[in-house]
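Inside the fold
So the chains spell out like this:
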Amino acid sequence: MPSNQTPLGALPARFRRQRLLIVGCGDVGMRVARQLGGRVNLMALTSTPARVPELRAAGIRPLLGNLDHAATLQRLSGLATRVLHLAPPPSDKSRDWSHDPRTLALSRILRLRSGVSALVYGSTSGVYGDCEGVKVHETRPVQPHTPRAVRRVDAEETVRFLGRSGVRTSILRIPGIYAPDRVGGTPKERLLRRTPVLLPKEDVYTNHIHADDLARACLAALWRGRAQRVYNVNDDSQLKMGDYFDVAADLMGLPRPPRVSRNSATESLPLMLLSFMSESRRLDNTRMKRELRLNLLYPTVREGLCAQASLL
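What this report covers is the structure whose coordinates are included nearby.

Quick notes on the environment of Ala80
Mapped onto the elements of the fold, Ala80 is located in the loop between β3 (61-64) and β4 (82-85). Taking the C-alpha atoms as reference points, Ala80 and Ala265, 185 residues apart in sequence, are found 48 Å from one another. Ignoring sequence-local partners within four residues, the contact set of Ala80 consists of Arg19, Leu21, Met43, Gly115 and Val116.

Right, dumping it as structure tokens:
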């Protein structure tokens, strides 16, 4: 018989288990699923019917829907106990380039019914803008310099608003993701094209995280992240961009990239690449290690690439 504490009686087993919804289940989302190993009920939102067999094969229940069409998201309300939001904002071609309507649509659906205890949002370290190479803590005010970073700041604000409604929200500020078994996860193609990097005296600091470590950080934040908290998620490498490409070239047995002045780069390189070359910062990951209790498998780029050298 139902008790006073649970007037509806014992819940079926499928509702007693944690239910994790992954929104934006690409490479990192699939790594999260593999690391969980069937310990929770996994669901993923996808707008591509062709991905349904792949998700099912990975033990993930596919849910067809599109963040750009809010009416297709109704079934997400009250469905999950935890949400991992890794979907990017729309591109620069969207009508309202400074906002992220996708995160807003997801937030509105999740607020319709209670049940979600935690949400983790994968943002970008680009929200800090150019910090002239100084060490950056999470308390530093954001100063986005690009449209894509502006949209990420808007998404972060939406996530914070959701957090004030009772959902424990965490924001991960993610730098460059690498992994030899990830599509585009190494600079090999760029090295083969002999794309230049800046002279050492003009070079910028960059930050990195191995895709497996990022997946572990997502899980740690989902279960151990503090409410309304921002975390820099990066390894311990303190490399300038050119040094990173030199390390990768040496490990792959390829020539190191040529070095050019900033003026020469401005004349020959695409705007997207130049935008990365115009921002310099060194992320501090102390809060991530202390509060999420996360020891990185690959504390430096060199160790991360060497661990999977057979894939290079």
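Some remarks on the packing of helix α2 (residues 27-36) against helix α7 (residues 211-224)
Two measures define how a pair of helices packs: the angle their axes make with one another and the distance between the axes. Put simply, α2 and α7 touch, their axes get as near as 9 Å, and they point 65° apart. Relative to α7, the element α2 lies roughly perpendicular. Our pair here, α2 against α7, has a crossing hand that is right-handed. Between α2, through Asp27, Val28, Arg31, Val32, Gln35 and Leu36, and α7, the contact on the second element is made entirely by Ala211, Asp212, Leu214, Ala215, Arg216, Cys218 and Leu219. Residues that form the contact of α2 with α7 fall into these classes: 8 nonpolar, 1 polar and 4 charged.

Some words on the pattern of salt bridges
Where charged atoms from two side chains of opposite charge approach closely, those side chains can pair. Inspection of the entire model under this criterion finds 19 salt bridges. One continuous salt-bridge network, built from bridges that share partners, spans Asp203, Asp243, Asp246, Asp250, Arg256 and Arg259.

Calculation notes
- Residues numbered from 1 in each chain as written.
- Predicted model: local features only at pLDDT ≥ 70, side-chain atom pairs only at ≥ 80, totals over all residues.
- Heavy atoms only, no water.
- Helix = DSSP H or I, 4+ residues; strand = E, 2+ residues; numbered from the N terminus.
- Contact = heavy atoms within 4.5 Å.
- Axes fitted to C-alpha atoms, helices over the stretch in contact; angles between N-to-C directions.
- Parallel < 35°, antiparallel > 145°, perpendicular 65-115°, else oblique.
- Left-handed = near helix turned anticlockwise from the far one by under 90°.
- Nonpolar A, V, L, I, M, F, W, Y, C, P; charged D, E, K, R; others polar.
- Salt bridge = Lys/Arg side-chain N within 4 Å of Asp/Glu carboxyl O.

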